[in-house]
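# A look at the structure
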Amino acid sequence: MDASILYAVQQLTGNPLLDGFMAGLSWLGNNGMIWILATIVLLICPKTRNSGAACAIALLLSLLLCNLVLKNIVARLRPYDVLLWLHPLVPPLADFSFPSGHASASFAAATAMALSGMGKKWIASAFALAALISFSRLYTGMHYPTDVLGGIALGVLCGTLAWLATRRWLKRLSPP
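Quick look at the structure, then. (Residues numbered from 1 in each chain as written. Predicted model: local features only at pLDDT ≥ 70, side-chain atom pairs only at ≥ 80, totals over all residues. Heavy atoms only, no water.)

A word on the overall build of the protein. When helices and strands are tallied, the protein shows eight helices and zero strands. Ordered by position from the N terminus, the helices and strands of the protein form the series α-α-α-α-α-α-α-α. In terms of overall dimensions, the protein is globule-like: its C-alpha atoms have a radius of gyration of 17 Å, near the 16 Å expected for 176 residues. Taken along its principal axes, the extent of the C-alpha atoms in the protein is 65 × 35 × 25 Å. Counting all 176 residues of the protein, 42% fall into the buried class. At a minimum sequence separation of 6, the contacts of the protein that also span at least 24 residues come to 79%. Surface accessibility of the protein: about 9,300 Å² in total, with carbon and sulfur atoms responsible for 73%. Considering the protein, the positive charge centre built from 12 side chains and the negative charge centre built from 5 side chains are found 25 Å apart. (Helix = DSSP H or I, 4+ residues; strand = E, 2+ residues; numbered from the N terminus. Rg over C-alpha atoms; globule rule 2.2 N^0.38 Å. Buried < 20%, exposed > 50% of the residue type's maximum accessible area, 1.4 Å probe, protein only. Contact = heavy atoms within 4.5 Å. Areas by Shrake-Rupley, 256 points an atom, 1.4 Å probe, with all protein chains shown as cover. Lys, Arg positive; Asp, Glu negative; His and termini not counted. Charge placed at Lys NZ, Arg CZ, Asp CG, Glu CD.)

In structure tokens:
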């Protein structure tokens, strides 16, 4: 089923404008770059510092759980290493496929922003960008759909845990 869905998504490729857009979205998610930049901006502004702290913790949890633990335990080969018809639109990677680090980092940051009380426009923008980056990983041939779904679930978990940790830490700092 994973390969069938990926094949259907791959049928969308071939439009130079859309291919470039999706490759660009995928690049924005490399190493959580766009989310790290957003976190820095949130940490700099006093009004959004708590959200920035939650995002920083969420991204760190995502990195540790996704890239250092789960990818190496599951050790799933990338689709372009298995499916002969698949030609990735971005350079191949050396690490494993499950879960998607792009999806995990994206949804970790978006969830942390949402739970920590960012405005509705910020939240909607963060989740829209997270969804687009996640979809771009299918479009570019880097992941199977279940890799992306696993990354989304892990990201939501990391964002939630980060928010809970930040909330607990803030309660300890508040005078009784």
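So, on to the pattern of salt bridges. One pass over the full model with this rule turns up four salt bridges. Note that D2 is salt-bridged to R76, the shortest N-O span being 2.7 Å. On the criterion of sequence distance, the pair formed by D2 in helix α1 (residues 2-10) and R76 in the loop between α4 (49-74) and α5 (79-82) is long-range, its members being 74 residues apart. Across the pair D147 and R76 runs a salt bridge, and its minimum N-O distance is 2.8 Å. Placement of the pair is D147 in helix α8 (residues 145-173) and R76 in the loop between α4 and α5, with a sequence separation of 71 residues. Each member of the salt-bridge network shares a partner with another, and the members are D2, R76 and D147. (Salt bridge = Lys/Arg side-chain N within 4 Å of Asp/Glu carboxyl O.)

Next up on the list: the packing of aromatic side chains. One pair of aromatic rings is described through two measures. These are the centre distance and the angle between the planes. Counted according to the given criterion, the structure contains three aromatic pairs. On the basis of an interplanar angle of 90° and a centroid distance of 5.0 Å, the ring pair of Y7 and W85 is categorised as edge-to-face. Placement of Y7 in helix α1 and of W85 in the loop between α5 and α6 (101-115) is noted, with a sequence separation of 78 residues between them. Residue classification places Y7 among the partly exposed residues on the basis of a relative accessible area of 42%. When the centroid spacing of 5.9 Å and the interplanar angle of 50° are considered together, the rings of F107 and F127 count as tilted. Within this pair, whereas F107 is found in helix α6, its partner F127 is found in helix α7 (residues 120-139), the two being separated by 20 residues in sequence. Look at F107 and you get buried, because its relative accessible area is 10%. (Phe/Tyr/Trp six-rings, centres within 6.5 Å; stacked < 30°, edge-to-face > 60°.)

Omega for the bond connecting F98 with P99 falls within 30 degrees of zero, at -10°, which places this linkage in the cis form. Within the secondary structure, P99 sits in the loop between α5 and α6. One non-glycine residue, N31, lies in the positive phi region at around 55°. On the secondary structure map, N31 appears in the loop between α2 (16-28) and α3 (33-44). Positive phi, close to 55°, is recorded for A75, a residue that is not glycine.

On the surface, a nonpolar cluster with roughly 680 Å² of combined accessible area is contributed by L60, L63, L64, L65, L68, V69, I73 and V74. Locating L65 in the fold gives a position in helix α4. Overall, L65 belongs to the partly exposed group, its relative accessible area being 30%. (Patch = residues over 30% accessible without salt bridge, like charges linked within 9 Å, V, L, I, M, F, W, Y side chains within 5 Å.)

What follows covers the packing of α1 against α7. Contact pair α1 / α7: the axes reach a minimum separation of 9 Å and the direction vectors enclose 95°. Here α1 lies roughly perpendicular to α7, going by the angle between them. In contact with L6, V9 and Q10 of α1, α7 contributes F135, L138 and Y139. Across the contact of α1 with α7, the residue classes tally to five nonpolar, one polar and no charged. (Axes fitted to C-alpha atoms, helices over the stretch in contact; angles between N-to-C directions. Parallel < 35°, antiparallel > 145°, perpendicular 65-115°, else oblique. Nonpolar A, V, L, I, M, F, W, Y, C, P; charged D, E, K, R; others polar.)

Let us now look at the side chain of S62. Counting through the fold element by element, S62 comes out in helix α4. The buried category is assigned to S62, whose relative accessible area is 2%. Residues in contact with S62, not counting those within four places in the same chain, are N67, S104, A105, A108 and C158.

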